[in-house]
Amino acid sequence: MDIKKLEGLVTEGRNTNTMDIDKLSTLELVKKINEEDKKVAEAVAEASVEIAKAIDVITEGMKKGGRLLYMGAGTSGRLGILDASECPPTYGVDFELVQGLIAGGHTAIFKAVEGAEDSFELGEKDLKEKSINENDVICGIAASGRTPYVIGGMNYAKSIGAKVICVTMNPDSEMAKIADIPISVVVGPEVVMGSTRMKAGTAQKLVLNMLTTGTMIKLGKVYSNLMVDVQPTNEKLVTRAKRIVMMATEVSIEEAEKYLEETGYNVKLSILMIVAGVSKERGEELLKSSDGYIAKAIDLNQGK
């Protein structure tokens, strides 16, 4: 990359607040890092409108059978994979629904694959292998906003009519010019110049959390603020399933266990059966008619 272009990136700037960080005591440097981290949430808040638009686009695509695919290199790619991997156990969705692609493939999750991020063609190739279509949403992630691997994927996605989002930490980036919905979170220079796994990475994690959490709420996978499609795949999650039913319905643990056993540990159905006072069969009908929203199913049962 040309030095002049690098110098023009906010994320590659030198932080005037940390010029002496190498001379500080351990406690002082920790406080310096924390001071900079405090700026991240405020920067994310500035992008609220764009994040909300992205959530609506992702939700609309998923209702048509589409998927959300993250694309990134290095830290950005790993964060996409992290967010995608946490959706199935939390919300009971298929592992294909939200996916993370990283330049260099599986190896790059653990160890940098040199040169992979510099290939436009590799980004296009990885998306072609996923057989993306117009219902899918592609979200490019890059602190710089100019990673060739991601741009290659974004351009290909646009060419077939898929919606394209990007999450970057530099304003007016190359990726922002391509995206249908550019999300630019300007967190400023890092504590250590260019170490974008820090504030930039934290901002990316916050945004990705919002994108998938917001989408899952819009898809009816949350009742009040409870994750009602949680999959009880281990002891902790089995206990959480029981607790969610108890909190949503104010029944005893014995009563919660009874309904969960009847429904095969379907938390959402168990809650609806208790709250609406309906049979398992009727509950299943109501959830189908209400697209999986418990609140809507309750209203439907009451004739509202």
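As annotated in an unreviewed UniProt entry, the chain is N-acetylmuramic acid 6-phosphate etherase from Clostridium simiarum. In the Subunit (unreviewed entry) part of its UniProt record, the chain is described as follows: "Homodimer." Of the comments in the UniProt record for the chain, the one headed Sequence similarities (unreviewed entry) reads "Belongs to the GCKR-like family. MurNAc-6-P etherase subfamily."

(A) How the structure looks around the side chain of Thr212. Residue placement: Thr212 occurs in helix α9 (residues 199-218). What makes Thr212 buried here is its relative accessible area of 4%. Not counting chain neighbours up to four residues away, the residues in contact with Thr212 comprise Leu68, Tyr70, Asp83, Cys87 and Val98.

(B) Seen up close, the side chain of Ser76. Along the chain, Ser76 turns up in helix α4 (residues 74-91). For Ser76, a relative accessible area of 8% corresponds to the buried category. A polar atom in the side chain of Ser76 sits 3.1 Å from the side chain of Gln204. Among all residues touching Ser76, those that are not within four sequence positions of it are Ile141, Ala142, Ala143 and Gln204.

(C) Looking closely at the pairing of strand β4 (residues 163-168). Most of β4 is tucked away: five of the six residues are buried. Both strand β3 (residues 137-142) and β4 contribute to a ladder of six bridges, which runs parallel. Note that in β4 the partner of Ala142 across the bridge is Thr168. With respect to chirality, the unit in which β3 leads through helix α7 (residues 148-159) into the neighbouring parallel β4 is right-handed. Of the strand pairs in this sheet, β4 and strand β5 (residues 181-184) are connected by four bridges, and their pairing is parallel.

(D) Focus on the UniProt feature "active site" (unreviewed entry) in the chain. Sequence positions flagged by UniProt for "active site" (unreviewed entry) are, in local numbering, Glu86 and Glu117. In sequence the annotated residues extend across 32 residues, and in space they extend as well, their farthest C-alpha pair lying 24.4 Å apart. The annotated residues that sit in the lining of the largest pocket are Glu117. With respect to the helices and strands, Glu86 occurs in helix α4. Inspection of the secondary structure assignment puts Glu117 in the loop between α5 (107-110) and α6 (120-129). If sequence neighbours within four positions are ignored, Glu117 has contacts with Ala73, Ala103, Thr147, Pro148 and Tyr149.

The rules behind each value
Residues numbered from 1 in each chain as written. Predicted model: local features only at pLDDT ≥ 70, side-chain atom pairs only at ≥ 80, totals over all residues. Heavy atoms only, no water. UniProt positions renumbered as here; feature names shortened; annotations may be inferred. Helix = DSSP H or I, 4+ residues; strand = E, 2+ residues; numbered from the N terminus. Buried < 20%, exposed > 50% of the residue type's maximum accessible area, 1.4 Å probe, protein only. Contact = heavy atoms within 4.5 Å. Polar contact = N/O pair within 3.5 Å; in protein donor to acceptor, adjacent residues only side chain to side chain. Pairing = 2+ DSSP bridges. Right-handed = clockwise from strand over helix to strand, strands pointing away. 1 Å grid on protein atoms, 1.4 Å probe; cavity = no way out; pocket = protein on both sides within 12 Å on 5 of 7 lines; lining within 4 Å.

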